[in-house]
Amino acid sequence: MTDADSSALADATASFLADHDEGDQALEAVLEVDSGSETWTFDDIPLDSGTFGELVSRGIVEKVDGEYRVVDAAVVRAVMSGEAVDVDSSDGESFDLRSAFDLGIWGDRRALAGVVGALLLVVAMRITQYRSVFRGEHVVSPGNDPYYYRYWTETLLAESTNPTDIGVLAEMPADAVGRRPLTHALNWWFATLLGGDQWAADAVAAWLPVVASVALAVVIYALAVVVTRDVRVGIASVVLFAVTPVHAVYTQVGFLEHRLHQYLWLGVTLLTLAWLAVDLTRRRETNADRDAVRDHLSSPGAWLVAVVLGVALGVSVHLWGGSSLLFVPLAAYVGLRAVVDAREGISPTLANLPVVVAIAIGTGISVWFHTNWGWHYGFVAYTPAMVLGGAVVVLALGDLWRRVDIHPGALVALETAIAGVGLYALRRFRPGDWADARTRADDLLFRENITETASLFTPDYAVIFGPLIQLGVGFYLGAAVLVWAVWLVSRQYEPAWLLLAVYASFCTLLAAIQVRFAAQLAVPLSVLGGVGFVYALSTIDLARRPVPFRRGTERPKAVAADGGSDEPSITLPDARKMGYVLGVGLLVCGFSLLYVPGLSGQITHGDAEFEAALAIDEHAAEADREYPESFVLSEWGDNRMYNYHVSGESQRYGYAMANFDDFRFGDDPDGNYSQFEDRVGYVVVTERDRDLPAESAHAQLLEELGTGGDDGEALAHYQLLSVDDDRSAAAFVVVPGATIETTAEPNETVTVSTSVSVDGESFTYERAVTVGEDGRLAVTVPYAGTYSVGDDSVDVTESAVLEGETVEVGAGDGDSN
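Computed from a predicted model, the values in this text were never measured in an experiment.

**Q** Quick rundown of the overall build of the chain? Include the residues and the values.
**A** A tally of helices and strands in the chain yields 35 helices and 15 strands. Scored against the burial criterion, the 817 residues of the chain give a buried share of 54%. Here the analysis covers contacts within the chain between residues at least 6 apart in sequence; of these, 73% occur between residues at least 24 apart. Of the roughly 34100 Å² that the chain leaves accessible, carbon and sulfur atoms contribute 54%.

Structure (structure tokens):
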């Protein structure tokens, strides 16, 4: 042990003896067992769990491979006998990778079982729509946007299936590198690792969101343990994360998007920043400030973590279009960290040097991708550089500020002014980048008419129930702890809690603007909620109080550079208390357990919709129609799904967004045919808009199937391909139609009809046509079959319908021009 460790152990032993009347007997009992074997279990000692827990939390007893031992029996006995503690100052600190990154599960079977169980819950909550995604040989992704990412995955796989072929990434199409280049690159790379074929692409589309969620859950567990030194909080945090509805929806099986990458790297960013903050804080517990900073900067672990942080920041820039947003809380954290460091008398520059180096690494990565491969907008790629410049300035100001007797609030005001000057300089000297930033901000924050753009606190759910639906009861637990964290950092030096408070507050602000940002909020909020959950259990005597809420003398002493958990192995309560714990857990998680399947199911595609896509695909193959002749016009929110399964061309839905509403609200579908100009091959209408007027194209197609109903006229250019029994979706092929011509008495009304059967739906297609003054009759029909034309009949072939041929009545069956 080092001199500092021995002194800390001596202090802990003395405080234990002072706080317990029978402390001598407890320590004697432990020392007697310890002298008889190298390690032992809780069952080997005659102590209650509370007293034993205190011995462990104070650092007198430590865990070793799932069992326990006294940290240093000689020091404990010396304190008990009133002798001076004999320490060997020649022992130096060495870096041990396992101890520096201890997360409380190595050799602790109960803790490990708890973590594994929580991770299984993460998986379970993300496969509630398994049957809707896996349909035979098809992977049917929920929602619309995943098909955009599947398009680019398969497009890049068409270029190369070699995972080492970096040239593919350097020469990605301009449409792919504009906003989310690294997301497409990572999706492609994972697919190449699985073989690069269609099965691999489907496997990535289906399972990568779930795998990334599990990885993020591990990160959240680590983050919670690093900050709180409490394994129970870590497990509770993962459980709350698992059942967070909005996150489960965006990372459910099949939901391939930028979000899964974005959330994971946000978690890594928080974990590494927290580790660096906690490493310094723990060192200050046993060392003078200057020595603690020196040891922090000389620790290999600190620089390893700084490199990981730098990579996380660099890659985060190129994962999604709004990546610049999440550099705002980073800048705010560095600025406020300078304030609290200066307030504490610590050099902000030295204390945050690893963070500055990490931002510099992230800047290098981000700028390199932009300048060499053309990835992303310039203002986005250089965002880390702007944060780096600002960090250097505010940390230098912090060093100056700690030498003067001025209120820290003035430093906050000055930093805010510096940020304003920086934004003004960007607008003044880089007007192009400023315009791009404004455009992206408008697109990210001020879009309307999309469900996910509503506020988390929307009045539609009485303000307070929106968070319950999207984030669960964990939101309220986390919000309460967030308030406490803000109070804590305003009075004490707790940079890790400052970090969580800044990120949670900023993400709450974003979610208040648009609910889709609530999934980012779920990352820091899960940790805060985990603390709140364990605290709630402790208030009703079902658990020990979480470490952050204990008095200083009751907190565990750090034995790892990250302050890893020194809690005893998780103890199982008796059957009665276990029932209460499960009941409280079900109460907290119950709402989410109900909401997750419901919200996830809202964006899956129904059987009728998918059958419509398959029917169109089959027809396009038989008719040899290729894109754009095979383009499917539908509601824009489903448009990529239809076109992916028909032609694979699911990059855009702009045409559908611009034209489908005019089409379905209009009353002349045949008139629209002339406007399609070979741009539309198929049309799908669904039950979502059954309340449209009876004369609308939607009603004519879905309710009347293009037959005209009782009083209308049958359509000439829409041939039914698929319809389900409930009329929830109907697919039509758009055809020029075959023109039947014959002669009859002028001004006579002739009925033209045939029987049609599609998907078990049988009806008569019938047109009543008035013969012209010249005695000629011409009528265009969309179906093949035998038509009765007055007293005559004629056979119309499918090729005549698809090619727009003319069929003469009486010219011979099948004859056409």
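**Q** Provide a residue-level description of the nonpolar core, including the pertinent values.
**A** With 148 residues, the main nonpolar core has Leu330, Val334, Trp375, Leu471 and Trp497 as its most contacted residues. No other element matches helix α12 (residues 198–228), which puts 16 residues into this core. Residue contacts for Val334: discarding those within four places in its chain leaves Val355, Ile359, Ala391, Val394 and Leu395.

**Q** Describe the sheet that holds strand β5 (residues 632–633), naming the residues involved and giving the relevant values.
**A** Here we have four strands laid out as an open sheet, ordered β5-β6-β8-β7, and mixed in their pairing. Each end of this open sheet is capped by a strand with a single partner; those strands are β5 and β7 (718–723). Across five bridges, β7 lies against strand β8 (residues 729–734) in antiparallel orientation. Within β8, the position partnered with Leu720 by the bridge is Phe732.

**Q** Outline helix α16 (residues 289–298), supporting the account with residue identities and numerical values.
**A** Turning to α16, its buried residues number three or more, namely Ala292, Val293, Asp295, His296 and Leu297. For α16, the secondary structure elements touched by its buried residues are α15 (259–284), α17 (300–317), α19 (348–351) and α20 (353–373).

**Q** Kindly report on a nonpolar patch on the surface, identifying the contributing residues and their values.
**A** Together, Tyr461, Val463, Ile464, Phe465 and Tyr476 make up a nonpolar patch on the protein surface, roughly 470 Å² of accessible area in all. Among the structural elements, Val463 can be located in the loop between α24 (431–445) and α25 (465–471). Note on Val463: relative accessible area 38%, which makes it partly exposed.

**Q** Residues and numbers for the side chain of Ser592, please.
**A** Structurally, Ser592 is set in helix α29 (residues 575–602). Those residues in contact with Ser592 that lie beyond four places of it in its chain are Val243, Pro245, Leu471, Gly472 and Pro597.

**Q** Kindly report on empty space enclosed by the protein, identifying the contributing residues and their values.
**A** Tallied over the entire structure, the rule returns three cavities of 30 Å³ or more. For the largest cavity, the calculated volume is near 130 Å³. Every residue lining the largest cavity is listed: Gln262, Trp265, Leu266, Thr269, Leu313, Ser316, Leu319, Trp320, Ser323, Leu326, Phe327 and Tyr503. Going through the elements one at a time, α15 and α17 are the ones with two or more residues in the lining of the largest cavity. Ranked by residues supplied to the lining of the largest cavity, first place goes to α15 with four residues. Classifying every residue of the lining of the largest cavity gives eight nonpolar, four polar and no charged.

**Q** I'd love a proper account of unusual backbone geometry, names of residues and values included.
**A** Residues Tyr627 and Pro628 are joined by a peptide bond in cis, for which omega reads 10°. Positive phi, close to 65°, is recorded for His376, a residue that is not glycine. Topologically, His376 is positioned in the loop between α20 and α21 (378–381). You can call His376 buried: its relative accessible area is 5%. Phi at Asp541 is positive, roughly 60°, even though this residue is not glycine. Relative to the assigned elements, Asp541 resides in the loop between α28 (518–539) and α29.

**Q** Any chance you could break down the sheet that holds strand β9 (residues 738–743) for me, citing the residues and the numbers?
**A** Spatial ordering of the open sheet is given by β12-β9-β15, a layout of three strands whose pairing is mixed. Only two strands of the sheet have a single partner each, and these edge strands are β12 (776–781) and β15 (806–808). For this sheet, the mean angle separating the axes of adjacent strands, direction not counted, is 25°. Direction of pairing for β9 relative to β15: parallel, over a ladder of three bridges. Within the sheet, the bridge partner assigned to Glu741 lies in β15 and is Glu808.

**Q** Outline a negative patch on the surface, supporting the account with residue identities and numerical values.
**A** On the surface, a cluster of negative charge is made up of Asp624, Glu626, Glu629, Glu677 and Asp678. As for its position among the elements, Asp678 is in the loop between α33 (669–676) and β6 (682–686). Residue class for Asp678 comes out exposed when judged on its relative accessible area of 66%.

What counts and how
- Residues numbered from 1 in each chain as written.
- Predicted model: local features only at pLDDT ≥ 70, side-chain atom pairs only at ≥ 80, totals over all residues.
- Heavy atoms only, no water.
- Helix = DSSP H or I, 4+ residues; strand = E, 2+ residues; numbered from the N terminus.
- Buried < 20%, exposed > 50% of the residue type's maximum accessible area, 1.4 Å probe, protein only.
- Contact = heavy atoms within 4.5 Å.
- Areas by Shrake-Rupley, 256 points an atom, 1.4 Å probe, with all protein chains shown as cover.
- Core = buried A, V, L, I, M, F, W, Y, C linked by side-chain atoms within 4.5 Å.
- Pairing = 2+ DSSP bridges.
- Patch = residues over 30% accessible without salt bridge, like charges linked within 9 Å, V, L, I, M, F, W, Y side chains within 5 Å.
- Salt bridge = Lys/Arg side-chain N within 4 Å of Asp/Glu carboxyl O.
- 1 Å grid on protein atoms, 1.4 Å probe; cavity = no way out; pocket = protein on both sides within 12 Å on 5 of 7 lines; lining within 4 Å.
- Points joined across faces, edges and corners; volume = space filled by probe spheres on them.
- Nonpolar A, V, L, I, M, F, W, Y, C, P; charged D, E, K, R; others polar.
- Axes fitted to C-alpha atoms, helices over the stretch in contact; angles between N-to-C directions.
- Lys, Arg positive; Asp, Glu negative; His and termini not counted.
- Charge placed at Lys NZ, Arg CZ, Asp CG, Glu CD.

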